[in-house]
Amino acid sequence: MLTLNKDTKKTLLYISIAFTFSVLMRLIWVYQFSGVEAFKFNNQFMINTNDGYYYAEGARDLLSGISQDNDLSPITSAGSLLTAFFAKILPFSFESVIFYLPVFLSSLVVIPIILIAKGLKNLEMGFIAALLASITWSYYNRTMAGYYDTDMLNIVLPMFLLWSIIWAINTNENKYLIITAIDILIYRWWYPQSYSLEFSFFGLILLYALIFDRKNMFNYKLLAIMMLAMMNIDGFIRLPLVLGAFYIFTQEKFDKYIYYILGASVLGFFVSGGFDPIWSKLELYVFKDAISVGKEGLNLHFFTVMQTIREAGQIPFETFANRISGHAATFIISIVGYAYLVYRHKIMIFALPMVGLGFLASVGGLRFTIYAVPILAFGIAFLITEISLKMPTNKMKVLSMVAFTLAILYPNYKHIDAYKVPTVFTNDEVKVLDVLKTKVDREDYVVSWWDYGYPIRYYADMKTLGDGGKHSGSVNFPLSYMLTSSQVEAAKMARLDVEYTEQKFKYLKENKEEIEDKNITIFSNIEDMTKDYGFNDTNDFLFSLQTEMTLPKKTRDIYFYLPFRMLNILPTVTLFSNMDLMTGTKGKQPFFFVSKNFKDSGSKIDLGRSIYIDKATSSIVIGQQKIPMKRFVKTTYNAQKKLDVNVQLINPTSDISVIYMANYNTFLVLDEKMYNSLYIQLMVLENYNKNLFEAVTLDPNVKVYKLKI
Ligand code: MN
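Residues numbered from 1 in each chain as written. Predicted model: local features only at pLDDT ≥ 70, side-chain atom pairs only at ≥ 80, totals over all residues. Heavy atoms only, no water.

> It is not clear to me how the overall build of the chain should be interpreted in this structure. Could you clarify?
A count of helical and extended segments in the chain gives 31 helices and 16 strands. For 709 residues, the compact-globule estimate of 2.2 N^0.38 gives 27 Å, and the chain sits close to it at 29 Å. Along the longest, intermediate and shortest principal axes, the C-alpha atoms of the chain span 90 × 65 × 50 Å. Residues classed as buried in the chain amount to 53% of the 709 residues present. Contacts in the chain between residues far apart in sequence, at least 24 positions, make up 67% of those at least 6 positions apart. Approximately 32500 Å² of the chain is accessible, and the part contributed by carbon and sulfur atoms is 59%. Computed over 68 positive and 62 negative side-chain charges, the inter-centroid distance for the chain is 8 Å. (Helix = DSSP H or I, 4+ residues; strand = E, 2+ residues; numbered from the N terminus. Rg over C-alpha atoms; globule rule 2.2 N^0.38 Å. Buried < 20%, exposed > 50% of the residue type's maximum accessible area, 1.4 Å probe, protein only. Contact = heavy atoms within 4.5 Å. Areas by Shrake-Rupley, 256 points an atom, 1.4 Å probe, with all protein chains shown as cover. Lys, Arg positive; Asp, Glu negative; His and termini not counted. Charge placed at Lys NZ, Arg CZ, Asp CG, Glu CD.)

> Even after reading the chapter, I still don't get the nonpolar core, so can you show me in this structure?
Membership of the largest hydrophobic core comes to 216 residues, with the highest contact counts inside it found for Met-348, Phe-560 and Ile-680. Among the elements that make up this core, the one with the highest residue count is helix H9 (residues 156-171) (12 residues). If near-sequence neighbours (up to four positions away) are discounted, Phe-560 is found in contact with Val-447, Met-482, Ala-490, Ala-494, Leu-678, Phe-693, Lys-703, Val-704, Tyr-705 and Leu-707. Ile-620, Met-629, Ile-656 and Val-658 belong to the second largest nonpolar core, which has 16 residues in total. (Core = buried A, V, L, I, M, F, W, Y, C linked by side-chain atoms within 4.5 Å.)

> Is there a simple way to explain a nonpolar patch on the surface in this structure?
On the surface, a nonpolar cluster with roughly 510 Å² of combined accessible area is contributed by Leu-206, Leu-207, Leu-210, Ile-211 and Phe-212. Here Ile-211 lies in helix H11 (residues 195-212). (Patch = residues over 30% accessible without salt bridge, like charges linked within 9 Å, V, L, I, M, F, W, Y side chains within 5 Å. Salt bridge = Lys/Arg side-chain N within 4 Å of Asp/Glu carboxyl O.)

> Explanation requested: the sheet that holds strand S16 (residues 702-707) in the structure shown.
Sheets are built from strands that pair by backbone hydrogen bonding, the pairs being arranged parallel or antiparallel. In space, the 5 strands of this open sheet follow the order S4-S3-S5-S16-S15, with mixed pairing throughout. Edge strands, defined here as strands with exactly one partner in the open sheet, are strand S4 (463-464) and strand S15 (693-698). Across the face of the sheet, helix H22 (residues 427-439) comes into contact with strand S5 (558-563), S15 and S16 while running at roughly 170° to S5. (Pairing = 2+ DSSP bridges. Axes fitted to C-alpha atoms, helices over the stretch in contact; angles between N-to-C directions.)

> Just to check I follow, could you spell out unusual backbone geometry for this structure?
Excluding glycine, most residues fall at negative phi; most peptide bonds, likewise, are trans. One non-glycine residue, Asn-519, adopts positive backbone phi at about 55°. Its identity as a non-glycine residue notwithstanding, Ser-610 has a phi of 60°, on the positive side. For Ser-610, the location among the structural elements is in the loop between strand S8 (604-608) and strand S9 (611-614).

> Just to check I follow, could you spell out the domain arrangement of the chain for this structure?
Where interface size is quoted, it is often the accessible area lost as the parts come together. The assigned domain composition of the chain is domain 1 (6-418), domain 2 (427-564) and domain 3 (588-707). Facing the 29 residues of domain 1 at the interface are 34 residues of domain 2. The tally of links between domain 1 and domain 2 comes to 3 salt bridges. In this structure, the salt-bridge partner of Glu-57 is Arg-457, at a minimum N-O distance of 3.0 Å. The tally of links from domain 1 across to domain 2 stands at 16 residue pairs in polar contact (both at pLDDT 80 or more). At the level of secondary structure, the elements contributing two or more residues to the side of domain 1 that touches domain 2 comprise strand S1 (40-41), helix H2 (52-64) and helix H4 (94-107). The dominant element in the side of domain 1 that touches domain 2, judged by the number of residues it contributes, is H2, at 5 residues. For the side of domain 1 that touches domain 2, the per-class residue count stands at 15 nonpolar, 5 polar and 9 charged. (Domains from an automatic or database assignment. Polar contact = N/O pair within 3.5 Å; in protein donor to acceptor, adjacent residues only side chain to side chain. Nonpolar A, V, L, I, M, F, W, Y, C, P; charged D, E, K, R; others polar.)

> Please clarify how the packing of aromatic side chains should be interpreted in this entry.
Describing an aromatic ring pair means giving the distance of the ring centres and the angle of the ring planes. By the definition in use, this model includes 55 aromatic pairs. A centroid spacing of 4.6 Å and a plane angle of 40° characterise the contact between Trp-29 and Phe-33, whose relative ring orientation is tilted. Each of the two residues, Trp-29 as well as Phe-33, counts as buried. On the basis of an interplanar angle of 40° and a centroid distance of 6.4 Å, the ring pair of Phe-254 and Tyr-257 is categorised as tilted. One aromatic cluster is present, built from ring pairs that chain together Trp-29, Phe-33, Phe-39, Phe-45, Phe-99 and Tyr-100. We note Lys-690 situated over the ring of Tyr-688; from NZ or CZ to the ring centre the distance is 4.1 Å. (Phe/Tyr/Trp six-rings, centres within 6.5 Å; stacked < 30°, edge-to-face > 60°. Lys NZ or Arg CZ within 6 Å of the ring centre and 35° of its normal.)

> Would you mind going over the coordination of the manganese ion with me for this structure?
Reference values for angles at a metal are 109.5 degrees in the four-donor tetrahedral case and 90 or 180 degrees in the six-donor octahedral case. Within the first shell, the manganese ion binds the protein through Gln-68 (OE1) and Asp-71 (OD), at distances of 2.2 to 2.4 Å. Here Gln-68 falls in the buried class, since its relative accessible area comes to 18%. (Donors = N, O, S within 2.8 Å, 3.2 Å for Na, K, Ca; no water.)

> Looking at this model, I keep getting lost on the pattern of salt bridges. Mind explaining?
Two side chains with opposite charge may pair up if their charged atoms get near one another. Counted according to the given criterion, the structure contains 30 salt bridges. Arg-457 is paired through a salt bridge with Asp-467; the nearest N and O atoms lie 2.8 Å apart. With Arg-457 in helix H23 (residues 453-460) and Asp-467 in the loop between S4 and helix H24 (473-484), this pair connects stretches of sequence that are 10 residues apart. With respect to burial, Arg-457 and Asp-467 carry one shared label: buried. Between Asp-557 and Lys-706 there is a salt bridge whose closest N-O contact spans 3.6 Å. In this pair, Asp-557 is assigned in the loop between helix H28 (538-544) and S5 and Lys-706 in strand S16, connecting sequence segments 149 residues apart. Overall, Lys-706 belongs to the partly exposed group, its relative accessible area being 21%. Through salt bridges with shared partners, one network takes in Glu-57, Arg-60, Asp-61, Arg-442, Arg-457, Asp-461 and Asp-467.

> Quick question: what am I supposed to make of H24 here?
Note: α-helices contain 3.6 residues per turn, so residues at a spacing of three or four share the same orientation. The first and last C-alpha atoms of H24 sit 16 Å apart over 12 residues, in line with the 16 Å expected at 1.5 Å per residue. Burial runs high along H24: 11 of the 12 residues are buried. Buried residues of H24: Gly-473, Val-475, Asn-476, Phe-477, Pro-478, Leu-479, Ser-480, Tyr-481, Met-482, Leu-483 and Thr-484, and no others. (Expected span 1.5 Å × (residues − 1).)

> What is the right way to read the layout of surface pockets from this model?
With a probe scaled to a water molecule rolled over the atoms, the places where space remains empty come into view. Here the second largest pocket is characterised by a volume of approximately 340 Å³. Considering the residues around the second largest pocket, the lining is formed by 16 residues, among which Asp-7, Lys-118, Lys-121, Asn-122 and Leu-123 are closest to the centre. Class assignment of the residues belonging to the lining of the second largest pocket gives a composition of 4 nonpolar, 6 polar and 6 charged. (1 Å grid on protein atoms, 1.4 Å probe; cavity = no way out; pocket = protein on both sides within 12 Å on 5 of 7 lines; lining within 4 Å. Points joined across faces, edges and corners; volume = space filled by probe spheres on them.)

> Would you mind going over the side chain of Ser-657 with me for this structure?
Its place among the elements puts Ser-657 in strand S13 (residues 656-661). Here the side chain of Ser-657 touches Arg-631 through a polar contact of 2.9 Å, side chain to side chain. Every residue in contact with Ser-657, bar those within four places of it in the chain, is listed here: Lys-630, Arg-631, Leu-668, Val-669, Leu-670, Glu-672 and Tyr-675.

> What is the right way to look at the pairing of strand S12 (residues 643-649) in this model?
Regular strands show a simple pattern: their side chains alternate between the two faces of the sheet. Pairing geometry for strand S11 (residues 625-637) and S12, over 7 bridges, is antiparallel. Bridged to Tyr-637 within S12 is Leu-643. Remark: 5 residues form the turn of the hairpin made by S11 and S12, two consecutive strands paired antiparallel; Lys-641 in that turn has positive phi of roughly 60°.

> Honestly, the environment of Arg-26 in this entry has me stumped. Any pointers?
Among the structural elements, Arg-26 can be located in helix H1 (residues 6-32). Judged by relative accessible area, Arg-26 falls into the buried class, the value being 0%. For the pair Arg-26 and Gly-146, spaced 120 residues apart in the sequence, the C-alpha separation amounts to 9.7 Å. For Arg-26, the residues in contact, after removing those within four places along its chain, are Val-103, Ser-106, Ser-107, Ser-134, Ile-135, Tyr-139, Tyr-140, Thr-143, Met-144 and Ala-145. A distance of 2.9 Å separates the side chain of Arg-26 from the side chain of Ser-22, its partner in a polar contact. One polar contact links Arg-26 to Ser-106, side chain to side chain, over a distance of 3.3 Å.

As structure tokens, this is what we get:
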């Protein structure tokens, strides 16, 4: 029988307790929302991250074996493959698997944390750090139940890598060579951007070897095998290379060739383009201005998503500290603790790249903070164990550790308890897509804003023009144009953009080599349309949409998915098409105001933000301005759940109308351009042109129309 020594038993015990703790804390959300049916579908909670639907779509297609050309389903992605694997072997529904996968996979982070501490002969430090890191603010946010995304292993894998590097350097045992290499292979498979951390680890080991341990062959073996695992070639070629190198490294007779092998692996790394992604990153950040993008054609200017996202770099210190440690005090003490830990155990300097990446959050965006979480957790956990050593009795020792640990866990528990994020879609919205799925063909397209792309594809199994990964300015331009233009232009643009998108897929596939060899520029759909219709100014082309024109041959059906929730982002949607593509000049932003929080005081209705409806004069008061109302529109659902729309024309010369959506408790104040937009006409008023559109679903939450041209 297998007998475990006391140390191993204790390690396993700590790992199981920390893992269970991490899982249980993630079930708080599940408990809080257990009665909320709107968050469930197929008797299971839906996920709460948009991007998760990307991997879910790929996994669904892997399991069903059905995937089509150009449907953008990621059937070769690691996330989808791993999910399909778990869904296949586990006796739970697919919905349950994707919802709970982050809970269990992210909790695995406790294992490398405790193992690293074991190597430092301080298991208690590992245990405390594991408890803290597994539930710390940003790590929790990005790995909570339903946060189904690559983040669920993005810290677990580099922590295992760190563990194997530390143990390799500490013990010089051969087995850590192969463990490190396999770690890199898996990490790279899971998260292709992992090269930056791998490269930093490599650099640190190289420095260490050259400065402190130059004569030790083992270091060069480790560096060589890492380099082989990091080459920019297929994983199935790297694996045998790594295994071959491992075999050679375990035979002492080959030791004299180590330098040659290391040299060859470094050469292989550079030749295979392993350094290219790092180089291009450097170019991007360091030589920002030196980059000039060659432009030909119409040189169109598009609005970019980045312009709508709040400028990174102004993260308040407290947010930053909270996200890394749960509390500003914990954060500061943790930094001191980590410095002291490195002083006492030099080997922990190898964790520095993760701290560095975490601190990049201050310039690169909040999502990076999770990298620093486990390392700084070591910092404070080390101090807690050091303080306990100063305690006079054993009882005091344990008590102090328990007290300090509870104190650092508490702010993170409070955060979890208060962090009540909703699911991406509600049950009502998903039901619409679930029904739509039965009426359409997989090759049909859905037009909607890119935010809804992944979930639409997952639930309705159709194609989309934009999604969480495809939302450049040139992709968003036609989408924005369709949603905010009048029906005739929107309908024509929908047919044009879908057919152009499909034609482009075909062209790119059939002419792949020629395009690469001759470096042929691929233009945006809107640019191609402009040229094909004989214009050299996109404004002229867009103007021509109002006239008679021959549209491309219809190859499939197109549906418009118009959710009520889009009302809130309509001004943002507008930005992408409300500009002159030829010059980049932004158009005048149309007037659009949504009020869901208004007060009727008899003579006037206060819509908030100093906007009032003056009932006596039927006008809108905006600050000091008083504008007559063009129309007052009231929409109500009648007993048959049909929408009644009552339009009162008040002052035909005015530009501003008011729509009161009675059942939604919502007021809209909007100008003529917005009033006539496809979204307002089809979603809010159900006033659709019967020659162009056919109503498919008129659910109050989502309206779906089929394009007739
Ligand atoms: Mn598909």
